[in-house]
Amino acid sequence: MNLLEAARLTDDEARGYLENIRWPNKPVCPHCKSENCTRLQGEAHRAGVLQCNDCREQFTVTVGSVMESSKIPLQKWVLAFHLMCSSKKGISALQLQRELELGSYRTAWFMCHRIRHAMAGDESQEQLKGAVEADETYVGGKTKGGKRGRGANKKTPVMALVARDGGIRVKPIERVNKKTLHGEILKNVSPQSIILTDDWSSYRGIGKHFEGGHETVNHSAKEYARIHPESGLPINTNTVESFFCLIKRGHYGVFHQLSKKHLHRYCDEFGFRWEYRKVSDAVRRNEAIRRAEGKRLMYREPTDR
């Protein structure tokens with residue numbers, strides 16, 4: 001289903017589409033996980049309401065997902081998922097408000113954050129394997145005195161680990177030091193991998209934890225790529241730097257301002273699109289909707305200071 005087909009959906013058709021993604025076999029109660037459910041179709045019942053015959057709770061397809069308690073029509077939820085999954089550099093809440101004719105900017109802003117929350121991975125994700133590139137960049141506020149690179153003022157460091165065979169982990173970090181960088185790599189990368197970085201000193205010593213060791217390119221000496229003499233593996237950090245380019249283009253051209261408080265959600269969004277960049281927009285949208293199950297984001301969470 002492409003964007004034009006999604007735009008033609010009625011609310012009932014959108015509900016059926018969401019149910020097919022969340023429950024490909026039969027409805028499952030979000031309260032007790034029972035499959036013994038009955039669809040309530042009386043005149044007094046809202047469309048799409050089901051009842052669990054075991055725990056007796058009533059629910060719809062949005063219960064127990066990021067869409068729960070939302071008054072936005074389901075067709076607009078489907079369109080919002082599609083637009084955020086298909087826009088390579090992101091889509092602003094203001095543009096989403098205009099295109100979907102949402103009631104307020106606050107509604108569109110919260111809707112975007114809920115979809116980003118759905119895109120986020122979880123602790124059950126497998127570790128990255130193979131050749132894994134690691135790098136950091138700075139995102140966010142302006143710097144003072146034109147300072148650039150590591151240590152720039154008012155900017156938040158973001159670390160990314162990109163497996164060339166697929167998979168990415170990206171998140172803001174507090175400090176660009178050895179303890180933080182090594183900790184993130186050890187947590188997210190399989191010991192059977194090889195680590196590829198630039199010549200930043202904080203990465204030194206990480207190779208002893210991995211079978212493939214640790215290879216670097218010396219950016220300070222204007223070395224940006226080379227070939228490993230034994231394996232023939234290209235040694236560079238071009239892949240992870242390409243990912244950072246997308247975040248920077250989204251920052252400058254779409255969102256304009258990324259606060260430290262919400263930066264992790266934008267990282268989830270860009271990381272999700274990168275990980276599924278080789279599939280169609282429809283497959284990417286379906287995966288984001290599938291990930292929405294079991295996740296809730298209350299309005300007070302992103303707005304709480």
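Let me begin by describing the structure that accompanies this report. Just so you know, these numbers come straight off a predicted model, no measurement behind them.

Tallied over the entire structure, the rule returns 15 salt bridges. Across the pair Glu269 and Arg116 runs a salt bridge whose closest N-O atoms are separated by 2.6 Å. In this pair, Glu269 sits in helix H8 (residues 263-275) while Arg116 sits in helix H5 (residues 105-119), placing the two residues 153 residues apart along the sequence. Note on Arg116: relative accessible area 3%, which makes it buried. Linked through salt bridges whose partners overlap, the residues forming this network are Asp11, Asp12 and Arg15.

In this section: the layout of surface pockets. Approximately 620 Å³ is the volume found for the largest pocket. Every residue lining the largest pocket is counted, 25 residues in all, and those nearest its centre are Gln125, Arg169, Val170, Asn188 and Asp268. Here the element with the most residues in the lining of the largest pocket is H8; it accounts for 6 residues. Looking at the lining of the largest pocket residue by residue, the classes come out as 9 nonpolar, 6 polar and 10 charged.

What follows deals with the side chain of Asp198. Looking at where Asp198 falls in the secondary structure, it is placed in strand E7 (residues 194-198). Classification of Asp198 as buried rests on a relative accessible area of 6%. A polar contact of 3.1 Å, which involves the side chain of Asp198, links it to the backbone nitrogen of Trp200.

The next thing to look at is helix H9 (residues 281-291). Listed as buried for H9 are Ala282, Arg284, Arg285, Glu287, Ala288, Ile289 and Arg291. Buried residues belonging to H9 abut helix H2 (11-22), helix H3 (74-86), H5 and H8.

Ranked by size, the top nonpolar core spans 45 residues in total, and within it Leu18, Phe59, Trp77, Phe81, Leu96, Met111 and Ile115 carry the most contacts. Residue assignment for this core shows that the elements contributing at least two residues are H2, strand E2 (50-52), H3, helix H4 (93-100), H5 and H9. At 9 residues, the largest contribution of residues to this core is made by H3. Listed in part, the 18 residues of the second largest apolar core include Val162, Leu258, Leu263 and Tyr266.

Okay, the packing of helix H7 (residues 238-255) against H8 next. Packing of H7 against H8 brings their axes to within 11 Å, and their N-to-C directions diverge by 125 degrees. The angle between H7 and H8 falls in the class oblique. Pair H7 / H8 crosses with right-handed handedness. Along its contact with H7, which presents Thr239, Ser242, Phe243, Leu246, Ile247, Gly250 and Phe255, the element H8 presents Tyr266, Glu269, Phe270, Gly271 and Trp274. For the contact of H7 with H8, a count of residues per class yields 7 nonpolar, 4 polar and 1 charged.

Turning our eyes to something else, we now look at the sheet that holds strand E3 (residues 58-59). If you trace the 3 strands from one edge of the open sheet to the other, you get E1-E2-E3, paired in antiparallel fashion. The sheet is open, and its two edges are formed by strand E1 (37-39) and E3, each paired on a single side. Pairing of E2 with E3, which is carried by 2 bridges, proceeds in the antiparallel orientation. Bridge assignment links Leu50 to a residue of E3, and that residue is Phe59.

The terminal C-alpha atoms of H3 lie 18 Å apart, and with 13 residues this matches the ideal 18 Å at 1.5 Å per residue to within 8%. Where H3 is concerned, the buried positions are Leu74, Gln75, Lys76, Trp77, Val78, Leu79, Ala80, Phe81, His82, Leu83, Met84 and Cys85. Those residues of H3 hidden inside the fold are in contact with helix H1 (3-7), H2, H4, H5, H8 and H9.

Let us now look at empty space enclosed by the protein. Inspection of the entire model under this criterion finds 1 cavity of 30 Å³ or more. By volume, the largest cavity amounts to about 60 Å³. What lines the largest cavity is simply Leu18, Arg22, Val61, Ser65, Met67, Ile289, Arg290, Ala292 and Glu293. If you list the elements that add at least two residues to the lining of the largest cavity, you get H2 and H9. Its residues placed into classes, the lining of the largest cavity shows 5 nonpolar, 1 polar and 3 charged.

Rules used in this analysis
- Residues numbered from 1 in each chain as written.
- Predicted model: local features only at pLDDT ≥ 70, side-chain atom pairs only at ≥ 80, totals over all residues.
- Heavy atoms only, no water.
- Salt bridge = Lys/Arg side-chain N within 4 Å of Asp/Glu carboxyl O.
- Helix = DSSP H or I, 4+ residues; strand = E, 2+ residues; numbered from the N terminus.
- Buried < 20%, exposed > 50% of the residue type's maximum accessible area, 1.4 Å probe, protein only.
- 1 Å grid on protein atoms, 1.4 Å probe; cavity = no way out; pocket = protein on both sides within 12 Å on 5 of 7 lines; lining within 4 Å.
- Points joined across faces, edges and corners; volume = space filled by probe spheres on them.
- Nonpolar A, V, L, I, M, F, W, Y, C, P; charged D, E, K, R; others polar.
- Polar contact = N/O pair within 3.5 Å; in protein donor to acceptor, adjacent residues only side chain to side chain.
- Contact = heavy atoms within 4.5 Å.
- Core = buried A, V, L, I, M, F, W, Y, C linked by side-chain atoms within 4.5 Å.
- Axes fitted to C-alpha atoms, helices over the stretch in contact; angles between N-to-C directions.
- Parallel < 35°, antiparallel > 145°, perpendicular 65-115°, else oblique.
- Left-handed = near helix turned anticlockwise from the far one by under 90°.
- Pairing = 2+ DSSP bridges.
- Expected span 1.5 Å × (residues − 1).

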